[in-house]
Amino acid sequence: MKKILIANRGEIAIRIMQTAKKMGIKTVAIYSTVDRNAPHVRFADEAVLIGEAPSNKSYLLGDKIIEVAKKRGVDAIHPGYGFLSENANFAEACENNNISFIGPKAKAIKIMGSKLAAKEAVKAYNIPMVPGTDEAISDIPKAKKLAKEIGFPILIKASAGGGGKGMRVVEKEAEFESQMDRAISEATSAFGDGSVFIEKYVREPRHIEIQIMADTHGNVVHLFERECSIQRRHQKVIEEAPSSVLTPELRSKMGEAAIMVAKSCDYVGAGTVEFLLDEAHNFYFLEMNTRLQVEHPVTELITGTDLVALQIRVARGEELTITQENLKINGHALELRVYAEDPLNNFLPSVGNLEVYKIPKGENIRVDNGFEEGMDIPIYYDPMLSKLITYAETREEAIELMITAIQNYEIEGIKTTLPFGSFVCEHDAFRSGNFNTHFVKKYYSPETLRKKQEEEAKIAALIALKQYLKDLKLVRLPLK
Ligand code: MV4
């Protein structure tokens, strides 16, 4: 593998190119017209304009990207996350054109892209799942009977849904029919597929996912968990590894289950198996993400691995050299996603120019970044600017380092979620480790953030005043 094309932009394109360069592999960037001067374009050995700003006219044009790859003599395509990363047709088209797709086979992407197909695939492997139906259900009286057997509250999910879309909680029997009607029509209009299924609703879950890595020789290892419960409207905010609630026993049980999920679909490459963990610490398989995830760095830090390097080696057909026995957790890592969104104004995307943009530096601070000072934030793509990642021996130290790093991150010209990040990191519930997926809804409001910022401004003013008085005294002292 001498040359790879990165079918992505921003921080993840740069992240992938960094590893490729280290491995002596040439890189080809693609870009849209608004990204002409973007850092990922300059970072690559070659760069090709692919189309207009909207994703469906550039980063989503699979056929055009393959054409470019062929012209440039590319051996493999890394899709990053988002865009074409979980597009089975694209993965297949790459292989049909003799270009290696750095990811799993199309078959695995297809299976895991459908929640019902995923449930079906793992059925024979003894993976714990939330009690529910394992088939699409459109017969409402039949569904109601099943719901009563499962017991309320129940959750209606769209099979084609994802990221929380197409889900409805039903608290009691009386609401069941109307909620089913709504769920089916919503799923039909949103996904063109009205298949829904029902599950017992887990009220206070944590979201814990397991990183796995599989080679083409039948070896599968897990690289432990990431705690991803701190999310807002299904958008992750802070991820960490390890989770403060897993015991070594639970960790290895979940790891084993994740490996089985991977085996159930002949998985190859880096993947993530999502679980819910209930209050009694029972875990349930939810779904599998068949890509390199945004939050992969926290796993890299605690395991001392380079997941992109492993992906590339697996794609070259090499056997994994890491073994389960040799994998150990070392230290604690936190990741804050820094978005160009205003936390005081309903997280509205904040577009504009990065007038000041200075990234914090220091030992055990990693910033996976795709932006630089003076750039405009394009409105066409995900508004994530960077990922601020800290690493330390203990969770407490990693949190302290995160708070300091946020203070040292200088951004002017646009609003960002950095203050929201310090709100979470300073919160007692977060610090105690005792939280679940309801954290943001439960504790966050713009008013609390505004109050916190006012308090801090007051304290800063008091410190300045104290210094001023001290200075005055120094002047006055000789007069006495
Ligand atoms: C659930 C659940 C409770 N009970 N399933 C949300 C996205 C999708 N991946 C699955 N999700 C959930 N499934 C049952 N049976 C609660 C959620 C859920 C959630 C899961 C992970 C992270 C954040 C979440 C926020 C709200 C709901």
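Here the structure is shown first, and the text comes after it.
Residues numbered from 1 in each chain as written. Predicted model: local features only at pLDDT ≥ 70, side-chain atom pairs only at ≥ 80, totals over all residues. Heavy atoms only, no water.

Colleague: Would you mind going over the environment of Ile156 with me for this structure?
Modeller: Tracing the backbone shows Ile156 in strand 6 (residues 154-158). The class for Ile156 is buried, based on a relative accessible area of 0%. In sequence terms Ile156 and Tyr409 are 253 residues apart; their C-alpha atoms lie 42 Å from each other. When residues no more than four places from it in sequence are discounted, the contact partners of Ile156 are Gly166, Met167, Arg168, Val170, Gln179, Met180, Ala183, Val196, Phe197 and Ile198. (Helix = DSSP H or I, 4+ residues; strand = E, 2+ residues; numbered from the N terminus. Buried < 20%, exposed > 50% of the residue type's maximum accessible area, 1.4 Å probe, protein only. Contact = heavy atoms within 4.5 Å.)

Colleague: What exactly am I supposed to notice about unusual backbone geometry here?
Modeller: Note on backbone geometry: most residues besides glycine have negative phi, and most peptide bonds are trans. In this structure, Pro153 follows Phe152 across a cis peptide bond, with omega equal to 0°. Structurally, Pro153 can be placed in the loop between helix 7 (140-150) and strand 6. In this structure, Pro242 follows Ala241 across a cis peptide bond, with omega equal to -5°. Along the chain, the position of Pro242 falls in the loop between strand 11 (235-241) and helix 9 (248-264). Of note in the backbone geometry, Asn98 takes a positive phi value of approximately 60° without being a glycine. Considering the arrangement of structural elements, one finds Asn98 in the loop between helix 4 (88-96) and strand 5 (100-101).

Colleague: It is not clear to me how the layout of surface pockets should be interpreted in this structure. Could you clarify?
Modeller: Leftover empty space is mapped by rolling, across the atoms, a probe with the size of a water molecule. In this structure, the second largest pocket encloses a volume near 400 Å³. Taken together, 18 residues line the second largest pocket, and the ones lying closest to its centre are Ile406, Leu418, Pro419, Ser422 and Gln453. At the level of elements, helix 12 (395-407), helix 13 (418-426) and helix 16 (446-476) are the ones that each hand at least two residues to the lining of the second largest pocket. In terms of residue class, the lining of the second largest pocket is made up of nine nonpolar, four polar and five charged. (1 Å grid on protein atoms, 1.4 Å probe; cavity = no way out; pocket = protein on both sides within 12 Å on 5 of 7 lines; lining within 4 Å. Points joined across faces, edges and corners; volume = space filled by probe spheres on them. Nonpolar A, V, L, I, M, F, W, Y, C, P; charged D, E, K, R; others polar.)

Colleague: What exactly am I supposed to notice about the site of the ligand here?
Modeller: Around the ligand, a shell composed of 17 residues is seen, among which Lys157, Glu199, Lys200, Val202 and Glu287 lie nearest. Take Glu199: an N or O atom from its side chain is 2.8 Å from a nitrogen atom of the ligand. A distance of 2.9 Å is found between a nitrogen atom of the ligand and a side-chain nitrogen or oxygen belonging to Glu287. Computed on the free molecule, the ligand has an accessible area of 520 Å², of which 91% lies beneath the protein chains in the complex. Of the residues contributing to the shell around the ligand, the split by class is seven nonpolar, five polar and five charged. (Near = heavy atom within 4 Å. Polar contact = N/O pair within 3.5 Å; in protein donor to acceptor, adjacent residues only side chain to side chain. Areas by Shrake-Rupley, 256 points an atom, 1.4 Å probe, with all protein chains shown as cover.)

Colleague: Hey, could you run me through the packing of aromatic side chains in this one?
Modeller: Any pair of aromatic rings gets described here by the distance separating the centres and the angle formed by the planes. One pass over the structure, following the stated rule, counts 17 aromatic pairs. Note on Tyr357 and Tyr409: the rings are 5.7 Å apart at their centroids and 55° apart in plane angle, and the pair reads as tilted. On the criterion of sequence distance, the pair formed by Tyr357 in strand 17 (residues 356-358) and Tyr409 in the loop between helix 12 and strand 20 (410-412) is long-range, its members being 52 residues apart. Taken as a pair, Tyr357 and Tyr409 share a single burial class, namely buried. Each ring, one from Phe423 and one from Tyr444, has its centre 5.2 Å from the other, and the planes form 75°; the classification is edge-to-face. Of this pair, Phe423 sits in helix 13 while Tyr444 is found in the loop between helix 15 (439-443) and helix 16, placing the two residues 21 residues apart along the sequence. Here Phe423 matches Tyr444 in class, with each residue buried. Feature note: the residues Tyr59, Phe83, Tyr380 and Tyr381 constitute an aromatic cluster, connected by ring pairs. Over the face of the ring belonging to Phe43 we find Lys21, whose NZ or CZ atom lies 4.1 Å from the ring centre. Between Arg206 and the ring centre of Phe435, over which it is positioned, the NZ or CZ distance is 4.8 Å. (Phe/Tyr/Trp six-rings, centres within 6.5 Å; stacked < 30°, edge-to-face > 60°. Lys NZ or Arg CZ within 6 Å of the ring centre and 35° of its normal.)

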